[in-house]
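Reading the structure
For reference, the chains in residue letters:
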Amino acid sequence: MNESNFLPRWVSIGLIPFINLLLAFFVSGIVIFFIGENPLQAILVMIKGAFYYPGSIGYTLYYTTNFIFAGLAVALAFHAKLFNIGGEGQAYVGGLGVGLVCLALDQSINSFLVTILAVCGSAIFGAFWGVIPGYLQAKRGSHIVITTIMFNFIAASLMVYLLVNVIIEPGQMSPETRDFSEGVGLVQIHKLANYFGISIAVSPFNISFFIALIVSFGFWILVWRTKFGYEVRSLGHSETAAKYAGIDVSRTIVLVMAISGGLAGLVAINELLGVHNKLLLGFTAGYGFTGIAVALMGRNHPIGIFLSSLLFGALYQGGTELDFEFSSITREMVLLIQGLIILFSGALAYMMNPFVEKIYYNYFKEPKNA
Amino acid sequence: MTTIEINEGNDTSVSLPSFSGSSIELKKITKRFGHVIANEEVSLKVEAGTIHGIVGENGAGKSTLMNILFGLYKPDGGSIYLDGNIVDVTSPEKSISLGIGMVHQHFMLVPTFTVLENVMLGNEGSFSLKKGEKTILQRLQKLSSTYGLNVDFHSLILDLPVGMQQRVEILKALNRGAKILILDEPTGVLTPQETIGLFEILNSLKNKGVTIILITHKLKEIMNITEAVSVMRGGKVVANLKTNNTSPAELAEKMVGRKVLLSIEKKESKIGNKVLTVKNLNHLSKDGVDVLKNVSFSISEGEILGVAGVAGNGQSELLDILSGIEQLQRGEIEINQTRLLPGEKWDPKKVREMSIAHVPEDRQKRGLILPFYNYENSILGYQRKERYSSGFLLDKNKILNLFTETAEQFDVRPRNPNISSNKLSGGNQQKLVLAREIESQPKILLIGQPTRGVDIGAIERIYEDLLRLKDSGTAILLVSVELDEIMSLSDRIIVMNQGKIVGETMGSNATEIELGKMMSGLDRTN
């Protein structure tokens with residue numbers, strides 16, 4: 001019997017993750033201490049960097065947006081017991097979708113329409129990049145972990161080729177397309193606020209964030225309220241039971257990978273339509289991979305994914321500040337803290353359970369006869 | 001390690017344990033898991049050199065108690081006395097060194113090792129295996145001749161029938177010097193003949209002084225072989241009885257806490273038209289084994305056809321094909337005048353559309369998705385039915401209402417739709433599956449092992465439900481390894497051995513001996 005079954009919900013999904021997080025920060029603090037800096041000061045800088053300085057919240061939420069999309073992509077596949085490591089590549093190819101739509105249409109049709117088509121383009125191209133490994137898994141039994149990893153490499157090479165040789169802006173060295181025309185793109189919040197006469201600090205925070213929230217809600221409906229979601233979860237828990245229940249296993253796998261790839265593809269709208277306004281090399285910057293940690297920490301639930309995305313967003317932004325403030329701390333420190341968080345709340349998630357359980361029952365509750 | 005000396009070197013004389021018999025007494029053993037109390041002040045005494053039965057429904061605390069005795073769990077209170085002396089059983093190693101041996105329900109053997117190697121495992125003697133092999137072989141020969149435990153020490157476990165594998169488990173325990181042998185549901189996988197063989201061995205062990213604790217849910221076995229019996233219910237021992245002074249009815253009543261009908265009343269069957277005909281079914285497994293050979297039979301409305309046989313003789317494959325999980329390879333199936341030939345698309349979805357319901361043999365792996373909530377499991381396989389949905393969405397309220405209704409009707413406990421099904425007892429899980437399948441109002445019901453791991457109270461209920469379904473005109477194909485079950489429910493019985501139907505008899509005049517013979521493939525006159 002899994003002993004964690006005996007703890008009430010608020011302890012197992014609230015208190016214990018919180019303790020794990022504290023432990024991760026505590027160990028990070030020890031490392032910082034040995035580097036020769038004051039851990040408390042470092043934490044203060046990180047918190048200020050993520051939430052306090054002008055524009056910092058905007059940056060945090062901008063990173064959060066990427067993590068939500070990437071996390072949801074991984075989480076959906078997890079629900080079908082598929083380990084989609086290809087979020088990075090799917091996001092990258094999603095960017096190609098955005099780029100092609102914008103480059104092809106932004107001169108000829110309404111820019112609002114172009115933006116909408118570009119959003120769809122990111123999802124469709126991402127979906128396509130997810131479907132191929134999905135199909136290979138479903139019909140040929142090629143392991144999804146292997147194929148999605150390979151597809152990350154293929155995506156990277158493909159994008160280098162296209163950006164260097166095909167869609168590069170003529171007459172320049174940097175592997176980027178030309179800027180999308182004025183008016184195409186997702187508006188940044190500080191500009192929106194300005195429009196209404198409110199002045200807030202400049203940041204790349206844009207309406208993709210709200211799209212991410214809507215998509216999160218859609219994710220919840222899809223997984224827990226639709227027939228398809230029911231079949232996905234059935235398959236994820238037990239393939240034999242899914243077969244017994246008449247669920248078409250291959251079809252479900254292919255569809256799940258399509259949607260998962262599409263979600264990952266949406267990372268591109270935040271980056272390209274929200275910030276860069278062009279397609280450029282390496283814009284995914286590892287967000288797709290971090291999505292795996294986000295999904296794990298968020299327990300594949302949209303609310304959990306939102307919270308862990310926020311945490312990772314804050315770490316990214318706060319970490320930049322940390323790098324800036326302390327000469328002996330580099331940006332890699334953030335990776336270390338991230339690693340520790342993943343270690344304590346992922347790999348060692350149940351480490352504290354027996355301890356908490358003991359305290360809980362010794363001091364708070366008398367065991368009752370079941 | 002063991003209490004027995006293994007003589008080293010060239011000395012070929014091997015000492016076997018000399019038994020004066022060991023008695024074991026548990027006093028006020030208590031064990032909690034979180035807020036669940038699995039054992040509450042359990043006290044019982046097993047006399048030296050006797051066979052002591054422990055009966056109780058699933059979840060009554062039998063296994064927990066035995067795991068405490070074997071050192072796998074640490075009790076929260078109470079003490080264990082061995083021959084009158086208090087002992088502290090902290091680990092299985094300690095338990096073995098005290099002379100307690102355990103034969104688990106699921107054997108702990110390495111299939112690709114020989115009998116000898118399995119017995120040696122954890123008891124190798126020295127760095128080089130040669131010496132250990134020699135001594136242990138000698139001891140095994142002595143043990144097997146003393147207790148009638150005949151088995152070929154050099155054959156691989158995977159080549160041995162289950163009955164033989166069980167002997168290896170017993171030998172393993174004895175080799176390590178067990179004076180007290182705990183057997184957990186030892187007859188679940190045996191044919192009647194093998195069971196008789198096992199009981200002979202147990203009796204001869206007893207006569208040589210070994211104390212045996214037998215955990216079982218089969219009351220007939222308790223009556224046949226034990227001297228004393230302890231009944232557990234709800235984590236407590238509710239009765240310690242001398243077997244001579246009790247009856248199956250009394251035991252059943254004590255186990256369940258109320259009167260139980262052990263025999264079921266069958267109404268006259270009203271058998272109608274043939275609804276399912278299977279002709280010359282042949283099936284090759286993935287490993288290329290002929291698992292079904294020319295299987296032909298038919299079932300009619302309002303009839304229960306029992307399929308008897310030792311597990312693994314083609315019954316599971318038969319169910320898999322009929323339920324659409326496996327494709328039809330050769331032969332033909334006719335359902336309500338629709339003929340199905342090999343090569344036609346055949347899957348569980350289509351099967352359900354033809355009004356065939358299936359209660360699978362393994363409800364935990366197939367019939368249910370254990371982490372799902374009860375209400376979610378109540379639609380597994382029917383998730384695309386209109387009555388559960390509105391458009392793309394599942395209609396949660398409708399499902400909840402239907403669950404509440406059927407849970408009430410089929411007595412699924414607890415009734416709570418919002419707890420996950422792995423928190424239900426085996427019996428209630430089965431009732432949940434059965435409720436779902438009967439709720440679909442099938443013309444044909446395929447059901448495998450309806451009462452495996454199900455407690456007596458629930459068995460009674462499941463039988464009633466099946467008979468009611470039959471009386472309403474449904475044809476039922478019942479696959480079970482429990483002969484009593486087959487005999488008391490079926491109108492007709494077919495017996496399978498090595499993929500063939502080796503006999504057919506009417507349910508009313510079948511006897512256990514006759515069926516047992518057919519099951520073991522000895523009798524093919526029918």
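Please read all numbers here as calculations on a predicted model, not as lab measurements. (Residues numbered from 1 in each chain as written. Chains lettered and ligands numbered in written order. Predicted model: local features only at pLDDT ≥ 70, side-chain atom pairs only at ≥ 80, totals over all residues. Heavy atoms only, no water.)

With that settled, the discussion passes to the overall build of chain B. A count of helical and extended segments in chain B gives 17 helices and 22 strands. Relative to the globule expectation of 24 Å for 526 residues, the C-alpha radius of gyration of chain B, 25 Å, shows essentially globular dimensions. The dimensions of chain B, computed from C-alpha atoms along their principal axes, are 75 × 50 × 45 Å. Put simply, chain B has 526 residues, and 56% of those count as buried. Carbon together with sulfur atoms contributes 50% to the accessible area of chain B, which is approximately 22,800 Å² in total. If you average the places of the 62 positive and of the 63 negative side-chain charges in chain B, the two averages end up 2 Å apart. (Helix = DSSP H or I, 4+ residues; strand = E, 2+ residues; numbered from the N terminus. Rg over C-alpha atoms; globule rule 2.2 N^0.38 Å. Buried < 20%, exposed > 50% of the residue type's maximum accessible area, 1.4 Å probe, protein only. Areas by Shrake-Rupley, 256 points an atom, 1.4 Å probe, with all protein chains shown as cover. Lys, Arg positive; Asp, Glu negative; His and termini not counted. Charge placed at Lys NZ, Arg CZ, Asp CG, Glu CD.)

Another aspect to go through is unusual backbone geometry. For residues that are not glycine, phi is negative in most cases, and the peptide bond is trans in most cases. For the peptide bond that leads from B:Arg413 to B:Pro414, omega is -5 degrees, which places it in the cis range. Tracing the chain through its elements places B:Pro414 in the loop between helix 13 (396-410) and helix 14 (426-439). One non-glycine residue, A:Lys81, adopts positive backbone phi at about 60 degrees. The topology assignment puts A:Lys81 in the loop between helix 3 (56-79) and helix 4 (87-105). With a relative accessible area of 63%, A:Lys81 lands in the exposed category. The residue A:Asn300 is not glycine, and still its phi comes out positive at about 60 degrees. Along the chain, the position of A:Asn300 falls in the loop between helix 13 (287-297) and helix 14 (302-325).

Moving on: the packing of aromatic side chains. Tallied over the entire structure, the rule returns 21 aromatic pairs over all chains. Their ring planes at 80 degrees and their centres at 5.6 Å tell us that A:Tyr92 and A:Phe283 sit as a pair that is edge-to-face. With a gap of 191 residues between them, A:Tyr92 in helix 4 and A:Phe283 in the loop between helix 12 (267-276) and helix 13 connect regions that are remote in the sequence. Here A:Tyr92 and A:Phe283 have matching classes, each one buried. Considering the side-chain rings of B:Tyr373 and B:Tyr375, the 6.3 Å spacing of their centres and the 20 degrees angle between planes classify their relative orientation as stacked. Judged by relative accessible area, B:Tyr373 falls into the partly exposed class, the value being 34%. Taken together, the aromatic side chains of A:Tyr62, A:Tyr63, A:Phe67, A:Tyr287, A:Phe312 and A:Tyr316 make up a single cluster linked through ring pairs. B:Lys27 extends its terminal NZ or CZ atom over the ring of B:Tyr81, reaching a point 4.5 Å from the ring centre. Positioned above the aromatic ring of B:Tyr382 is the side chain of B:Arg352, whose terminal nitrogen or guanidinium carbon lies 5.3 Å from the ring centre. (Phe/Tyr/Trp six-rings, centres within 6.5 Å; stacked < 30°, edge-to-face > 60°. Lys NZ or Arg CZ within 6 Å of the ring centre and 35° of its normal.)

Further remarks concern the environment of B:Pro111. All names here are of chain B. Tracing the sequence through the fold places Pro111 in the loop between strand 6 (100-103) and helix 3 (115-120). Note on Pro111: relative accessible area 43%, which makes it partly exposed. Residues Pro111 and Asp159 lie 48 residues apart in sequence; the distance between their C-alpha atoms is 8.4 Å. Sequence-distant contacts of Pro111, that is, excluding residues within four places in its chain, are made with Leu156, Ile157 and Leu158. (Contact = heavy atoms within 4.5 Å.)

As a further point, take the domain arrangement of chain B. All names here are of chain B. Parsing chain B into structural domains produces domain 1 (21-99 + 179-259), domain 2 (108-178) and domain 3 (274-519). Together domain 1 and domain 2 conceal approximately 1,300 Å² of surface at their shared face, both sides included; 68% is due to carbon and sulfur atoms. In this assembly, domain 1 and domain 2 are joined by 0 salt bridges. Applying the counting criterion to the domain 1 and domain 2 interface returns 5 residue pairs in polar contact (both at pLDDT 80 or more). (Domains from an automatic or database assignment. Buried area = accessible area lost by both parts, 1.4 Å probe. Salt bridge = Lys/Arg side-chain N within 4 Å of Asp/Glu carboxyl O. Polar contact = N/O pair within 3.5 Å; in protein donor to acceptor, adjacent residues only side chain to side chain.)

On to the side chain of B:Glu303. Residues and elements named next belong to chain B. Along the chain, Glu303 turns up in the loop between strand 12 (290-300) and strand 13 (304-308). A polar side-chain atom of Glu303 sits 3.0 Å from the main-chain amide nitrogen of Ser300. At 2.8 Å, the side chain of Glu303 and the side chain of Arg492 are in polar contact. If we skip the residues at most four places from it in the chain, Glu303 touches Ile271, Ser298, Lys470, Thr474, Ala475, Ile476, Asp491 and Arg492.

Moving on, we come to the pattern of salt bridges. Considering all chains together, one arrives at 29 salt bridges over all chains under this definition. Of the charged contacts in the structure, one is a salt bridge between A:Arg233 and B:Glu376, with a shortest N-O distance of 2.8 Å. Of this pair, A:Arg233 sits in helix 9 (residues 227-237) while B:Glu376 sits in helix 12 (residues 374-377), placing the two residues on different chains. Residue B:Glu376 is classed as buried on the basis of its relative accessible area, which comes to 7%. With a shortest N-O distance of 3.3 Å, B:Arg468 and B:Asp465 are connected by a salt bridge. Taken together, the positions of B:Arg468 and B:Asp465, both in helix 15 (residues 456-471) and 3 residues apart, correspond to about one turn of that helix. On the basis of relative accessible area, B:Arg468 is assigned to the partly exposed category, the value being 49%.

Right, let's get into the environment of B:Glu117. Residue and element names in this part refer to chain B. Tracing the backbone shows Glu117 in helix 3. The exposure class of Glu117 is partly exposed, given its relative accessible area of 33%. Counting along the chain gives 189 residues from Glu117 to Gly306, while the straight-line C-alpha distance between them is 40 Å. A polar side-chain atom of Glu117 sits 2.9 Å from the main-chain amide nitrogen of Thr114.

A few words now on the sheet that holds strand 12 of chain B. Hydrogen bonds along the backbone pair up the strands of a sheet, which may run parallel or antiparallel. Residue and element names in this part refer to chain B. Across the sheet, 4 strands lie side by side as 12-11-14-15; this open sheet has antiparallel pairing. At either margin of the open sheet sits one strand with a lone partner, and together these are strand 12 and strand 15 (338-340). Going across the sheet, the axis of each strand differs from the next one's by a mean of 15 degrees, ignoring polarity. Most of the contacts of helix 9 (residues 315-322) go to strand 12, to which it runs at about 60 degrees, and overall it touches strand 11 (274-284), strand 12 and strand 14 (330-335). (Pairing = 2+ DSSP bridges. Axes fitted to C-alpha atoms, helices over the stretch in contact; angles between N-to-C directions.)

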